[in-house]
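The lines below spell out each chain.
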Amino acid sequence: MSKDRFSFLGNLSDEDEIFVRRVCDIARRAEERYTPCFSHFLDSRQRSLASEVLASLKCNNYAFFGGYEDASRVKLGVFPEYEESDTQAFDICGFTFSYRSEDKLTHRDFLGSLMSLDIKRDTIGDIIVGDGKCVVYADKNVGYLILHDIKKIGRTGVKVSEGADSAVRSTQTFTEIKGTVSSLRLDCIVALALGISREKSLNLVKNTGVSIDYRLINSPSFMLDEGQTFSIRGYGKYTFVKNCGFTRKNRVTVIIEKFD
């Protein structure tokens, strides 16, 4: 892959470059083999990046699907020119976990149990945690492990059945973080959100980057706006909720919410 060809994507990390190559390969294989080709599950940033790459390749016959309408984590499917895109062709299966409603399990609890089976993160789609039930979307090829090897989530006993219970609705919760920052620069907001020093935050933004509106930002001086959601690999997802104004010492009071 020529870097100049995709210079419009901005500065890509090594991982992004590998992903772009994979998207190109999926499009090429679908065209050459006259058969649909699919990716693993993608996050929102990868979906946006894939759309830009496919547009540059003038590839229009593709779809994103995560097992249900409006899924957050989705797979990319590229179809041959003569074949209409079909969500039924995606090898995605839903699984419903049932447990006592008084046992309050979280997204992290389910994801941790799945990872403990050596199931790769990119084979798992959305995890929708409701009251006493949870729906997990995953590749069909890891379905056997999910159905037969998971008896507990943490210390809570669960029953697993194939198929997604459409009645399950997310009960996403948040932890509020309120504090003061010297400015609305990205490194300042990240330092408060993660509870780390400004120096560590600055290095984290420069070296790892922060995903904002599907773009990887490596500039510590980037200014955040109210309502923007940002995520940092290994640290979770956050929303800059509100700028509450200046204190007497000319610092800015802000409210951030962390996705539980």
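Owing to the predicted nature of the structure, the values given are computational and were not obtained by experimental measurement.

A.B. asks: Just checking my understanding: could you explain the sheet that holds strand E12 (residues 215-217) for this structure?
C.D. replies: Working definition: the strands of a sheet are paired by backbone hydrogen bonds and lie parallel or antiparallel to each other. Across the sheet, 6 strands lie side by side as E10-E15-E14-E13-E11-E12; this open sheet has antiparallel pairing. The open sheet is flanked by strand E10 (174-181) and E12, the only strands paired with a single partner. Going from strand to strand, the sheet's axes swing by 30 degrees on average, the running direction of each strand aside. As paired strands, strand E14 (residues 236-246) and strand E15 (residues 252-259) are joined by 7 bridges and run antiparallel to one another. Bridged to Tyr238 within E15 is Lys258. Its contacts with the sheet put helix H5 (residues 186-194) on E10, strand E11 (210-212), E12, strand E13 (229-232), E14 and E15, and the angle it makes with E10 is roughly 130 degrees.

A.B. asks: Which parts of the structure should I look at to understand the sheet that holds strand E2 (residues 62-65)?
C.D. replies: What the 3 strands build is an open sheet, ordered E1-E3-E2; its pairing is antiparallel. Two strands lie at the open edges of the sheet, namely strand E1 (37-42) and E2, each paired on one side alone. Looking at each pair of strands side by side, their axes are set apart by 15 degrees on average, direction ignored. Relative to strand E3 (residues 74-78), E1 is paired through 4 bridges, and the arrangement is antiparallel. Across the sheet, Phe38 pairs through a bridge with Gly77, a residue of E3.

A.B. asks: Any chance you could explain the packing of H5 against helix H6 (residues 198-207) here in plain terms?
C.D. replies: To describe two helices that pack against each other, one gives the angle between their axes and the distance between the axes. Contact geometry of H5 with H6 gives a least axis separation of 8 Å together with a crossing angle of 115 degrees. In terms of orientation, H5 and H6 fall into the roughly perpendicular class. The interaxial crossing formed by H5 with H6 has right-handed handedness. Every residue of H6 that contacts H5 at Leu186, Asp187, Cys188, Val190, Ala191 and Leu194 is listed here: Arg198, Ser201, Leu202, Leu204 and Val205. A breakdown of the residues in the contact of H5 with H6 according to their chemical character gives 8 nonpolar, 1 polar and 2 charged.

A.B. asks: I tried to follow the nonpolar core on my own but got confused; where do I start?
C.D. replies: A general feature of soluble globular proteins is that nonpolar side chains tend to end up buried together. Ranked by internal contacts, the top residues of the largest apolar core, which has 22 residues, are Leu186, Ile189, Val190, Val210, Phe230, Val254 and Ile256. Those elements that provide at least two residues to this core are E10, H5, H6, E11, E13, E14 and E15. For this core, the leading source of residues is H5, giving 6 residues. Residues in contact with Ile189, not counting those within four places in the same chain, are Val181, Leu184, Leu224, Phe230, Val254 and Ile256.

A.B. asks: Which parts of the structure should I look at to understand the packing of helix H1 (residues 14-33) against helix H2 (residues 44-56)?
C.D. replies: In the contact formed by H1 and H2, the axes pass within 10 Å of each other and the chain directions differ by 55 degrees. Classified by the angle their axes make, H1 and H2 are oblique. Along this stretch, H1 crosses H2, giving a crossing that reads as right-handed. Packed against H1, whose contacting residues are Asp16, Phe19, Val20, Val23, Cys24 and Ala27, the element H2 presents Arg45, Gln46, Leu49, Ala50, Val53 and Leu54 at the interface. By residue class, the composition of the contact of H1 with H2 is 9 nonpolar, 1 polar and 2 charged.

A.B. asks: What's the story with the environment of Asp225 in this structure? I'm lost.
C.D. replies: Within the fold, Asp225 resides in the loop between E12 and E13. Assessed through its relative accessible area of 48%, Asp225 is described here as partly exposed.

A.B. asks: What is the right way to read the environment of Lys178 from this model?
C.D. replies: Looking at where Lys178 falls in the secondary structure, it is placed in strand E10. We classify Lys178 as exposed; its relative accessible area is 55%. Measuring from C-alpha to C-alpha, the distance between Lys178 and Lys258 comes to 11 Å, with 80 residues separating the pair along the chain. Setting aside residues up to four positions removed in sequence, Lys178 forms contacts with Thr253, Val254 and Ile255.

A.B. asks: Just checking my understanding: could you explain H6 for this structure?
C.D. replies: In an α-helix, one turn spans 3.6 residues, which is why side chains three or four residues apart end up on the same side. Among the residues making up H6, those that are buried are Ser201, Leu204 and Val205. Projection of H6 onto a plane perpendicular to its axis shows the buried side chains occupying an angular sector of 95 degrees, all on one side. Exposed residues on H6 whose side chains face more than 90 degrees from its buried face are Glu199, Lys200 and Asn207. Against H5, E11, E12 and E13 lie the buried residues of H6. Looking one or two places after H6, you find Gly209, whose phi comes out positive at around 90 degrees.

Cut-offs and rules
Residues numbered from 1 in each chain as written. Predicted model: local features only at pLDDT ≥ 70, side-chain atom pairs only at ≥ 80, totals over all residues. Heavy atoms only, no water. Pairing = 2+ DSSP bridges. Helix = DSSP H or I, 4+ residues; strand = E, 2+ residues; numbered from the N terminus. Axes fitted to C-alpha atoms, helices over the stretch in contact; angles between N-to-C directions. Contact = heavy atoms within 4.5 Å. Parallel < 35°, antiparallel > 145°, perpendicular 65-115°, else oblique. Left-handed = near helix turned anticlockwise from the far one by under 90°. Nonpolar A, V, L, I, M, F, W, Y, C, P; charged D, E, K, R; others polar. Core = buried A, V, L, I, M, F, W, Y, C linked by side-chain atoms within 4.5 Å. Buried < 20%, exposed > 50% of the residue type's maximum accessible area, 1.4 Å probe, protein only. Arc of directions from axis to C-beta.

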